[in-house]
Amino acid sequence: MKNKDFAQSFFSFFQNNKSFLTKEDVEYLASSHDFGNYTVLKESHGSPDEEYKEDGYQRYYKEFLLDLYGKKFLVSQQWYSRQSPYNLQKFAEWLIKKAKEKKFPKDKIPSEFFEGMNLPKGEAVERDNDNENVINESQNDDSQSKKLVHQKIYFGAPGTGKSYTLKKQSSPFEDQKKIRKDKKDEIRNAIAEAITKSGKLTLLNSIGFKYSDELKNIQRKDLPSYCEYDKIDELYIGSNAKPISETIQITKDDQLTDIDFIKDLIQNKRGNNNSLKWANAIGFKFGDFLKDWTLDELRKTFELSEPQMWWIYRGAQASQIRSSEIETEIKYVERVTFHPNYSYAQFVGTYKPVQDNDDKKQIKYEYVPGPFMRMYCSAKKNPNNDFLLIIEEINRANVAAVFGDVFQLLDRKKGGSEYPVAASEDVRNYLADNGINDKELCIPNNMYIWATMNSADQGVFPMDTAFKRRWEFEYIGIDENEDGIKDYEIPLQKKEDGSHEWIKWNNLRHSINDKLTEMKINEDKLLGPYFISEEKLKLVEGKKEDNADEFVKSFKSKVLMYLFEDAVKMRPGDLFDENAVGKLRFSDICKKFDEIGQGIFNFKK
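Since this is a predicted model, take the numbers as computed values, not measurements. (Residues numbered from 1 in each chain as written. Predicted model: local features only at pLDDT ≥ 70, side-chain atom pairs only at ≥ 80, totals over all residues. Heavy atoms only, no water.)

**Points about the overall build of the protein**
In terms of helices and strands, the protein carries 26 helices and 20 strands. Counting only residues that meet the buried cut, the protein has 49% of its 605 residues in that class. Across the protein, every contact between residues at least 6 apart in sequence was considered, and the portion connecting residues at least 24 apart equals 69%. Carbon and sulfur atoms make up 44% of the accessible area of the protein, which amounts to about 30,100 Å² in all. (Helix = DSSP H or I, 4+ residues; strand = E, 2+ residues; numbered from the N terminus. Buried < 20%, exposed > 50% of the residue type's maximum accessible area, 1.4 Å probe, protein only. Contact = heavy atoms within 4.5 Å. Areas by Shrake-Rupley, 256 points an atom, 1.4 Å probe, with all protein chains shown as cover.)

What follows is the structure, encoded as structure tokens:
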């Protein structure tokens, strides 16, 4: 069900069943609650176009006019147009709760209220008092609920598919991109972000230019649904300037810096009804040339009126704004790989030298956030969505040094950090620039941190108990993900006719693991199903002889080398058949593998 259809159904239900809710219930809907960022109703004292400002944001209440308990109520336009599955789910739960309290006949309530609002598969919603999130996953068209853990580490033997499992489990976070895509909301998000990041009106002018295809046909009087009244002109003129700028024909490169050419363009449109849009279009078109001109230089050189001067100036400035400053795509999942030299500054953020956008020859210093801080800001600014930070190979770095004071935030209560930590001045300034005016850091309950680790690897850093107890550990069994590779066959030695002997990789892997287990080798040293990547296995899928030699070379450098130098380093004779191989040297084992294949191993073939 579409959001607008749902809103109309909901308010139609209200109109016909006023006694269903008490006055207190109606007042609840018109005050703060946990349905999202917008209250649903507002008592009307004027026309349905009445605007309402709160916390610096402008909100519009005009879509429906309700008469409840002798008062007229307006309905938030943003509430129905921005309904997230979280809002719908929470509202449905509240509505059903009220229905049960009043013993209201179920058959009189629209069925969608009892069907989870027909949430798209894979959507993340919050529920229950512990604020744990629930992902509705679909398996065989049956919806199942699975609670998500805020911090967990997948660990297991090499090749067990830890990263594969983590990627599969993280898909609902990525699916949020498919659910939220609405151009109107996207533009509003860009505008809200622009207002938060900067007071520059040229940023809105640039947004109007970027989203011209969506905005150019919207009348000026309808733009208040996108931004505040005092910023409408920036959006409106920018959206109309783009198609105009595309009509300006440049036949020679030197025209882009030709003052007389630009002056003629301006003079030809003087007095035209669209002269301000034309001026803005010229600013955009010749922005690289005009960006450093002062207002007075523009006015005198091109003999401009004051309005024309301003709109050329704004267009020139707006043309220089990087697309990243008006980026609207939300990144729900970010992945980072730890290594021995990885640091707190890389993970959280620090001041770094960067190239000055205004003067490419100059270097300036600015705070550059790391993956933790980027996800943290996204989660803070988008409380109705879930965000996941993935850390690959978490124990390859010194986690105590990398996490630093963030370590304290890993203690969670109801999903959020139980013990906030003071933010440094650098971090506070960065957060403020992103519209987050917090003096303390506190991981919100919609931010998740998942990781992988391989305890069998050499050269990894140990984790102390205090760090470990803040995570849930999920062990990936040695055969847990083998279904995906069961049918792959791999080449071994060559036969007399030049073709190869073939064997199922999973069968050979089991035989090797059984022998290692017999040797009392720990499970974390055994071979997981993806010890040979699926990409490599696909090279020889269907017994492709053309790629067989390349695969055998890879098998020797990966599987045989790992077994010889790591798994059975102290006892190679227990795994490899010395009678068949001769000297237990790696070069001899590889040479014999080319001749006798799995005959090099000391187990029944």
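**What about the pattern of salt bridges?**
With the rule as written, the count across this model stands at 22 salt bridges. Close ionic contact of aspartate 483 with lysine 486 constitutes a salt bridge, the shortest N to O distance being 3.3 Å. Judged by its relative accessible area of 60%, aspartate 483 falls in the exposed class. On the basis of relative accessibility, which here comes to 37%, the residue lysine 486 falls in the partly exposed class. It is possible to trace a salt-bridge network through shared partners that takes in Asp296, Arg299 and Lys300. (Salt bridge = Lys/Arg side-chain N within 4 Å of Asp/Glu carboxyl O.)

**Quick word on the packing of helix H23 (residues 548-567) against helix H26 (residues 586-596)**
Between H23 and H26, whose axes approach to 11 Å, the crossing angle comes to 135°. Our classification of the angle between H23 and H26 gives oblique. For the element pair H23 and H26, the recorded crossing hand is right-handed. Counted together, Val552, Phe555, Lys556, Leu560, Met561 and Phe564 of H23 and Phe586, Ile589, Cys590, Phe593 and Asp594 of H26 form the full contact between these two elements. Considering only residue class, the contact of H23 with H26 consists of nine nonpolar, no polar and two charged. (Axes fitted to C-alpha atoms, helices over the stretch in contact; angles between N-to-C directions. Parallel < 35°, antiparallel > 145°, perpendicular 65-115°, else oblique. Left-handed = near helix turned anticlockwise from the far one by under 90°. Nonpolar A, V, L, I, M, F, W, Y, C, P; charged D, E, K, R; others polar.)

**Description of the sheet that holds strand E12 (residues 387-392)**
With parallel pairing, the five strands of this open sheet are ordered in space as E9-E12-E17-E8-E18. At either margin of the open sheet sits one strand with a lone partner, and together these are strand E9 (333-337) and strand E18 (472-476). The mean angle between the axes of side-by-side strands here comes to 20°, regardless of whether they run parallel or antiparallel. Pairing geometry for strand E8 (residues 151-156) and strand E17 (residues 447-453), over five bridges, is parallel. Considered in E17, the bridge of tyrosine 154 is made with threonine 452. Its contacts with the sheet place helix H17 (residues 371-381) against E9, E12 and E17, and it is angled at close to 165° to E12. (Pairing = 2+ DSSP bridges.)

**Some words on the packing of aromatic side chains**
Under the definition given, this model contains 30 aromatic pairs. Judged by centre distance (5.7 Å) and plane angle (25°), the ring pair of phenylalanine 576 and phenylalanine 601 falls under stacked. Linking phenylalanine 576 in the loop between helix H24 (572-575) and helix H25 (578-581) with phenylalanine 601 in the segment after H26, this pair joins segments that are 25 residues apart in sequence. On the accessibility criterion, phenylalanine 576 (0% relative accessible area) is buried. An aromatic cluster of three or more residues is present, and its members are Phe338, Tyr342, Phe347, Phe372, Tyr376, Phe403, Phe407, Phe467 and Trp471. Above the face of the tryptophan 450 ring, lysine 152 is positioned so that its terminal group lies 4.4 Å from the ring centre. (Phe/Tyr/Trp six-rings, centres within 6.5 Å; stacked < 30°, edge-to-face > 60°. Lys NZ or Arg CZ within 6 Å of the ring centre and 35° of its normal.)

**Points about the side chain of lysine 162**
Within the fold, lysine 162 resides in helix H5 (residues 162-169). For the buried lysine 162, no salt bridge is present, and the opposite-charge side chain at shortest range is glutamate 393, 6.6 Å distant. Look past the residues within four positions of lysine 162 in its chain and what remains in contact with it is Tyr154, Phe155, Gly156, Ala157, Thr452, Met453, Asn454 and Ile476. (Lys, Arg positive; Asp, Glu negative; His and termini not counted.)

**Structural notes on H5**
Among the residues making up H5, those that are buried are Lys162, Thr165, Leu166 and Gln169. Down the axis, H5 shows its buried residues gathered within 100° of arc, on one side only. (Arc of directions from axis to C-beta.)

**Notes on the nonpolar core**
Phe338, Phe347, Phe372, Met373, Ile391, Ile394 and Phe403 are the most contacted members of the largest nonpolar core, which totals 50 residues. Broken down by secondary-structure element, the contributors of at least two residues to this core are E8, E9, H17, E12, helix H18 (399-403), helix H19 (425-433) and E17. Excluding residues that lie within four positions of it along the chain, phenylalanine 347 makes contacts with Phe338, Tyr342, Gly370, Pro371, Phe372, Met373, Leu389, Ile391, Val402 and Phe403. Ile503, Leu516, Val552 and Cys590 belong to the second largest nonpolar core, which has 41 residues in total. (Core = buried A, V, L, I, M, F, W, Y, C linked by side-chain atoms within 4.5 Å.)

**Let's talk about the confidence of the model for the protein**
Put simply, the protein has an average pLDDT of 77, and 69% of its residues get 70 or more. Segment residues 116-146: pLDDT under 50, and 80 contacts once partners within four positions in sequence are set aside and those in other chains are kept. (pLDDT = per-residue confidence, 0-100.)

**Observations regarding the environment of tyrosine 342**
When you line up the elements, tyrosine 342 lands in the loop between E9 and helix H16 (344-347). Each C-alpha atom, one on tyrosine 342 and one on arginine 396, is 8.8 Å from the other, the two residues being 54 residues apart in sequence. If we skip the residues at most four places from it in the chain, tyrosine 342 touches Val336, Thr337, Phe347, Pro371, Ala397 and Val402.

**Some points on the side chain of serine 245**
Residue position: serine 245 is located in helix H10 (residues 232-245). Judged by relative accessible area, which is 5%, serine 245 ranks as buried.

**A short note on the pairing of E8**
Burial analysis of E8 places five of its six residues in the buried class, which makes it a mostly covered element. In this sheet, E18 lies alongside E8 in parallel orientation, the contact comprising five bridges. Residue pairing for E18: glycine 156 is matched across the bridge by isoleucine 476.

**Thoughts on the environment of leucine 290**
Note on placement: leucine 290 falls in helix H13 (residues 287-290). Given a relative accessible area of 1%, leucine 290 falls into the buried group. Separated by 27 residues in the primary sequence, leucine 290 and glutamine 317 place their C-alpha atoms 8.3 Å from one another.

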